Amino acid sequence: MIKINGKTYDLLFNGAAMFAIRDKFETDNITELITENTALAFQRACKIAVIMAEQSELARRWLGHTARDMLTEEELLVSVSPLGIMQLKTALVDAMLAGYKRENNDDEIDIGLTELNKKKAT
């Protein structure tokens, strides 16, 4: 989750996000793409954040939630402070790890799947 200009955006690293990142950068190793303290790494972080925020919003809408605004790369580029850059990069890595953990841990409850099953049952 990131907060930009008073709006909160959730980040989702799912299969669609993984492939979109691979298509754009020829790798899905987010940590490698954003680690450096350079303008290029910041631009990559913004692009990746937009992809993950879009996937989160699309998942929300698919589950029947009211549509919210989509995050844009331009908004990130002009709004994120130097400290915010570090927070953004941390949030991206956390989302990536959560995405992989969700796929590999059978003991966890998938809240999205639970909501979907409830919706299908009604």
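Computed from a predicted model, the values in this text were never measured in an experiment.

Q: Hey, could you run me through the packing of helix 1 (residues 15-25) against helix 3 (residues 39-62) in this one?
A: Two quantities define a packed helix pair, namely the angle between the helix axes and the distance between the axes. Viewed as axis vectors pointing N to C, helix 1 and helix 3 meet at an angle of 150°, and their least axial separation amounts to 9 Å. Considering their axes alone, helix 1 and helix 3 lie roughly antiparallel with respect to each other. Crossing geometry of helix 1 relative to helix 3 is assigned as right-handed. Here Ala-16, Ala-17, Ala-20, Ile-21, Lys-24 and Phe-25 of helix 1 come into contact with helix 3, specifically with Arg-44, Lys-47, Ile-48, Ile-51, Met-52 and Gln-55. A class-by-class count of the residues in the contact of helix 1 with helix 3 yields eight nonpolar, one polar and three charged.

Q: Looking at this structure, I do not really get the pattern of salt bridges. What am I missing?
A: Where side chains of opposite charge bring their charged atoms close, a pairing between them can arise. Going through the model one piece at a time under the given rule, you end up with seven salt bridges. When the shortest N-O distance is used, the salt bridge between Asp-10 and Arg-68 registers 3.4 Å. Here Asp-10 is found in the loop between strand 2 (7-9) and helix 1, whereas its partner Arg-68 is found in the loop between helix 3 and helix 4 (73-79), with 58 residues between them in sequence. Residue class for Asp-10 comes out partly exposed when judged on its relative accessible area of 30%. Among the salt bridges present, the one from Arg-68 reaches Glu-57, with a minimum N-O distance of 3.6 Å. Here Arg-68, found in the loop between helix 3 and helix 4, pairs with Glu-57, found in helix 3; they are 11 residues apart in sequence, far enough to count as distant. Here the salt bridges share partners, and the residues they tie into one network are Asp-10, Glu-57, Arg-60, Arg-61 and Arg-68.

The rules behind each value
- Residues numbered from 1 in each chain as written.
- Predicted model: local features only at pLDDT ≥ 70, side-chain atom pairs only at ≥ 80, totals over all residues.
- Heavy atoms only, no water.
- Axes fitted to C-alpha atoms, helices over the stretch in contact; angles between N-to-C directions.
- Helix = DSSP H or I, 4+ residues; strand = E, 2+ residues; numbered from the N terminus.
- Parallel < 35°, antiparallel > 145°, perpendicular 65-115°, else oblique.
- Left-handed = near helix turned anticlockwise from the far one by under 90°.
- Contact = heavy atoms within 4.5 Å.
- Nonpolar A, V, L, I, M, F, W, Y, C, P; charged D, E, K, R; others polar.
- Salt bridge = Lys/Arg side-chain N within 4 Å of Asp/Glu carboxyl O.
- Buried < 20%, exposed > 50% of the residue type's maximum accessible area, 1.4 Å probe, protein only.

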